[in-house]
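Given next are the chains, with one letter for each unit.
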Amino acid sequence: MRKSVVRSVRIATYNVNGVNGRLPVLLRWLAETAPDIVCLQELKAPDERFPAEAIAAAGYQAIWHGQPRWNGVAMLSRVGAPVETRRGLPGDPDPSQSRYIEAAVAGVLVAGLYLPNGNPQPGPRFDYKLAWFEALAGHARSLIDSGLPVVLAGDFNVVPTPRDVYKPERWQEDALFAPEVRAAFARLVDQGWSDAIRTLHPDATIYTFWDYFRDAYARDAGLRIDHLLLSPALAGRLRAAGVDRDVRGWDKSSDHAPTWIELAEH
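What counts, and at which threshold
- Residues numbered from 1 in each chain as written.
- Predicted model: local features only at pLDDT ≥ 70, side-chain atom pairs only at ≥ 80, totals over all residues.
- Heavy atoms only, no water.
- Buried < 20%, exposed > 50% of the residue type's maximum accessible area, 1.4 Å probe, protein only.
- Helix = DSSP H or I, 4+ residues; strand = E, 2+ residues; numbered from the N terminus.
- Pairing = 2+ DSSP bridges.
- Arc of directions from axis to C-beta.
- Contact = heavy atoms within 4.5 Å.
- Core = buried A, V, L, I, M, F, W, Y, C linked by side-chain atoms within 4.5 Å.
- Salt bridge = Lys/Arg side-chain N within 4 Å of Asp/Glu carboxyl O.

For strand β6 (residues 100-105), the buried fraction is high: 5 of the 6 residues fall into the buried class. Hairpin remark: β6 followed by strand β7 (residues 108-114), antiparallel, with 2 residues in the connecting loop; positive phi at Ala106, about 55°.

And the structure:
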């Protein structure tokens with residue numbers, strides 16, 4: 001008897017830190033790893049400057065929500081066109097910032113997000129971060145209540161626990177590690193979301209970001225701030241999760257590395 005082959009879908013999130021300036025790195029990563037769905041953050045490009053032709057030539061259909069100089073999110077797919085369901089977070093305290101895009105693709109509702117950094121704190125940027133987090137939690141609750149298979153993927157700019165940062169004592173005053181921010185992330189997860197990386201690698205040292213300064217990547221002095229959260233309807237399909245750490249070491253690469261999950265097909 002022939003054994004059945006379990007197919008899977010790979011969903012990744014990648015803060016590309018400038019989609020045009022890092023385009024060669026992005027295209028190389030797409031070619032080498034062939035993720036099925038990709039959420040990008042920090043495009044740093046208005047809509048008209050998104051490299052749609054190059055992305056299409058790489059085999060991906062795309063939707064994007066750009067912004068000059070800062071922010072910007074996009075979603076790429078090689079398994080069918082993303083059907084956009086939402087552009088912008090409901091209740092966003094500053095909707096002029098392009099930080100959220102949501103689409104149905106390959107039988108999954110994928111939400112790509114770029115949560116505010118929040119530094120310096122205290123101050124208005126930190127207040128905005130907490131307000132944005134509250135708006136995200138409200139929308140995330142509605143997604144949980146829908147019963148749909150949903151992935152929240154992106155740069156959350158949150159270090160959830162001391163295990164997720166090199167030398168946590170040095171980050172006590174940073175907005176990424178502030179108690180209020182970590183508590184907001186914990187409340188979000190407690191709605192019923194599964195942190196994919198920690199579900200499969202509960203005790204491993206795993207980072208997704210390494211600063212350009214102080215030789216952080218070579219010293220592995222990193223942080224885990226890029227996350228993929230799965231709704232209860234999707235959690236049982238999780239088969240693998242990881243970080244393409246070596247991409248961070250490529251020439252002219254982002255300070256983030258792509259983070260991914262593999263889901264068994266429904």
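Here we come to helix α1 (residues 23-33). Of the positions making up α1, those classed as buried are Leu23, Val25, Leu26, Trp29 and Leu30. Within α1, the buried residues cover an arc of 165° as seen down the axis, which keeps them to one side. Along α1, the residues that are exposed and aim more than 90 degrees away from the buried face are Pro24, Ala31 and Glu32. Structurally, α1 contributes buried residues whose contacts are with β1 (8-15), β2 (37-41), α2 (52-57) and β4 (73-77). Within two residues after α1, Ala34 carries a phi angle of roughly 50°, on the positive side.

Within soluble globular proteins, side chains that are nonpolar generally end up buried alongside one another. Core analysis: the biggest nonpolar cluster contains 28 residues, and Phe133, Leu136, Leu152, Phe156 and Trp193 have the highest contact counts within it. Contributing elements (two or more residues each) for this core: β7, α3 (124-146), β8 (150-155) and α4 (179-189). The leading source of residues in this core is α3, at 9 residues. Residues contacting Leu152, with those up to four places away along its chain left out, are Ala111, Leu113, Ala140, Leu143, Trp193, His227, Leu228 and Leu229. Grouped together as the second largest cluster of nonpolar side chains are 25 residues, Leu230, Ala241, Ile261 and Leu263 included.

Turning our eyes to something else, we now look at the pattern of salt bridges. Enumeration over the complete set of coordinates arrives at 10 salt bridges. Between Arg28 and Glu32 there is a salt bridge, with its nearest N and O atoms 3.0 Å apart. Linking Arg28 with Glu32, this pair stays in helix α1, spanning 4 residues, or about one helical turn. Residue classification places Arg28 among the partly exposed residues on the basis of a relative accessible area of 39%. Across the salt bridge formed by Asp36 and Arg78, the nearest N and O atoms sit 3.1 Å from each other. With a gap of 42 residues between them, Asp36 in the loop between α1 and β2 and Arg78 in the loop between β4 and β5 (83-87) connect regions that are remote in the sequence. A relative accessible area of 9% places Asp36 in the buried class. Residue classification places Arg78 among the partly exposed positions, given a relative accessible area of 41%.

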